[in-house]
Every structure is written in structure tokens, then in C-alpha cells.
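Understanding the architecture of this molecule
Chain by chain, the residues run as shown.
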Amino acid sequence: MAAGATIHTFTVNLADVDRGVYEELSLRVARHPSETAAFMLTRVLAYCLEFEEGIAFSEGISTTEEPAVLVRDLTGTILAWIEIGAPDAARLHFGSAQAERTAVYTHRDPAKVSAPWAGKRIHRADEITLYSFDPGFVEDAARVLERRNTMTVSITERHLYLDLNGTSVESDVHAQPVA
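Residues numbered from 1 in each chain as written. Predicted model: local features only at pLDDT ≥ 70, side-chain atom pairs only at ≥ 80, totals over all residues. Heavy atoms only, no water.

Regarding the overall build of the protein chain
A tally of regular secondary structure across the protein chain gives 4 helices and 10 strands. For the protein chain, the sequential pattern of α-helices and β-strands runs β-β-α-β-β-β-α-β-α-β-α-β-β-β. Taking 179 residues into account, the globule formula puts the C-alpha radius of gyration at 16 Å, and the protein chain, at 15 Å, falls close to it. Taken along its principal axes, the extent of the C-alpha atoms in the protein chain is 45 × 35 × 30 Å. Looking at the 179 residues of the protein chain, the share that counts as buried comes to 47%. Counting contacts in the protein chain only where the partners sit at least 6 residues apart, residues at least 24 apart contribute 53% of the total. Across the protein chain, the mean location of the 16 positive side-chain charges is 7 Å away from that of the 26 negative side-chain charges. (Helix = DSSP H or I, 4+ residues; strand = E, 2+ residues; numbered from the N terminus. Rg over C-alpha atoms; globule rule 2.2 N^0.38 Å. Buried < 20%, exposed > 50% of the residue type's maximum accessible area, 1.4 Å probe, protein only. Contact = heavy atoms within 4.5 Å. Lys, Arg positive; Asp, Glu negative; His and termini not counted. Charge placed at Lys NZ, Arg CZ, Asp CG, Glu CD.)

Spelled out as C-alpha cells, the structure:
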């Protein structure tokens, strides 16, 4: 955990109808002082949307050899490399070479996030998916974040319904290939 990080807890009731995943999660998330609330919430949403056995948050922003969220099998092999925000092409190239599957989740405009990747060398770029949400969705939800959070996440037909600390918002989960 980074020095000066603020710990946020999330009690999550996850119902991903699309994948048949129904879980109750208890998450402790360290928010680095340089990390925005929207970025942290995007990390938590990515964790929920990608939830499977072996998923974990990395050690934090200062860890350059790992993404924000990753999935490992029992042998330690990285199955999924999940970046948050707007990683550069070199980081995507590295991550895609390390894992069986790579994804990016962003709370920003996906066209602006992916524009710098054009023409850059990215390993298996055609297999990487960039996920985004409706404009303003993450920012609206981030306004009600507290140190202790209660969250219900429901996904059906790639539409996300989020209840965070009594405030409800919803968004489509948009997916586009990187290449």
C-alpha cells in the first residue's frame, strides 16, 4: 500500500446476469493521493465486471510491472491484464505479451483514450478491448463515494445498474476493439 493512501471499503452485491456471476464481495481499496475518485471507482467497476476466481487489485499506482487489476490462475500465470484510465501503447504492448487476455476500462472519452495508440506497436492489439461508460456516469457516481461504501452492481445485456450509497445511476458498458 502506498504511503499516504486512503483506504476505502466496498460491500458489493454483484449480479452479472450476462455471465451468470452472483457474488457478495468485501473490497478494501487503497486510493493513492494522486488518484481521482473517478479513477478509483473505475477500478472497482472493472473488478466487478471482470470478477472471476483469481482476480486481485495490484499493489498500487507505483507498481509498473502489474496492471491496476489482474487475474492469475493457481500457478501464478497471468490470465487477464486489466488496465484503467488511459495507458500508453507501450504499457498495453507489455501487458498483452504477459497475459492471455488484455482489457482497458476508462471513465474518459474512449476516442481520446485510443487515439494515441494509432500506428503504435501493441502485441495482439486486435484482441484487446477498450470498455467505457456513458458520459458522466462514473463522475456522477464518484460524487457519493465515502470511506465505507455499500454498492449493488447489476449487469444485464451489457447495461450496468449501480446503486452506490443509496444513489442510483446506470450506463451501457461500451466495448470497442483497440485495433
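Concerning the side chain of S171
Tracing the backbone shows S171 in strand β10 (residues 167-177). A distance of 2.7 Å separates a polar atom in the side chain of S171 from the backbone nitrogen of D134. With residues up to four places along the chain from it excluded, the contact list for S171 reads F133, D134, F137, R158, H159 and L160. (Polar contact = N/O pair within 3.5 Å; in protein donor to acceptor, adjacent residues only side chain to side chain.)

Regarding the environment of G76
Within the fold, G76 resides in the loop between β4 (69-72) and β5 (78-84). Once the C-alpha coordinates of G76 and G54 are considered, the two residues, 22 residues apart in sequence, prove to be 9.1 Å apart.

Remarks on the nonpolar core
Among the nonpolar cores identified, the biggest contains 44 residues, and M151, L160 and L162 are the most heavily contacted of them. Here the element with the most residues in this core is helix α1 (residues 37-49); it accounts for 11 residues. Excluding residues within four positions of it along the chain, L162 makes contact with L45, F137, A141, M151, T152, V153, T167, S168 and V169. Ranked by size, the runner-up nonpolar core spans 10 residues in total, among them A89, V113, I122 and I128. (Core = buried A, V, L, I, M, F, W, Y, C linked by side-chain atoms within 4.5 Å.)

Considerations on the side chain of H159
Relative to the helices and strands, H159 resides in strand β9 (residues 159-164). Here H159 falls in the buried class, since its relative accessible area comes to 15%. Polar contacts involving the side chain of H159 include one to the side chain of D172, which spans 2.6 Å. Setting aside residues up to four positions removed in sequence, H159 forms contacts with S154, E170, S171 and D172.

Some thoughts on helix α2 (residues 89-98)
Residue pairs three or four apart in sequence face the same way in an α-helix, which turns once every 3.6 residues. For α2, the set of buried residues is A89, L92, G95 and S96. One side of α2 carries all its buried residues, which in axial view fall inside an arc of 125°. Next to the buried residues of α2 lie β5 and β6 (101-106). (Arc of directions from axis to C-beta.)

Quick look at the pairing of strand β2 (residues 21-31)
In the sheet, strand β1 (residues 6-16) pairs with β2 via 11 bridges, with the strands oriented antiparallel. When the sheet's bridge partners are listed, T9 is paired in β2 with R28. Hairpin remark: β1 followed by β2, antiparallel, with 4 residues in the connecting loop; positive phi at G20, about 70°. (Pairing = 2+ DSSP bridges.)

Things to note about α1
In a regular helix each residue adds 1.5 Å, so 13 residues correspond to 18 Å; α1 covers 18 Å between its end C-alpha atoms and thus fits that length. Counted residue by residue, α1 has 13 buried out of 13 residues, so it is predominantly covered. (Expected span 1.5 Å × (residues − 1).)

The analysis is restricted to geometry; functional conclusions fall outside its scope.
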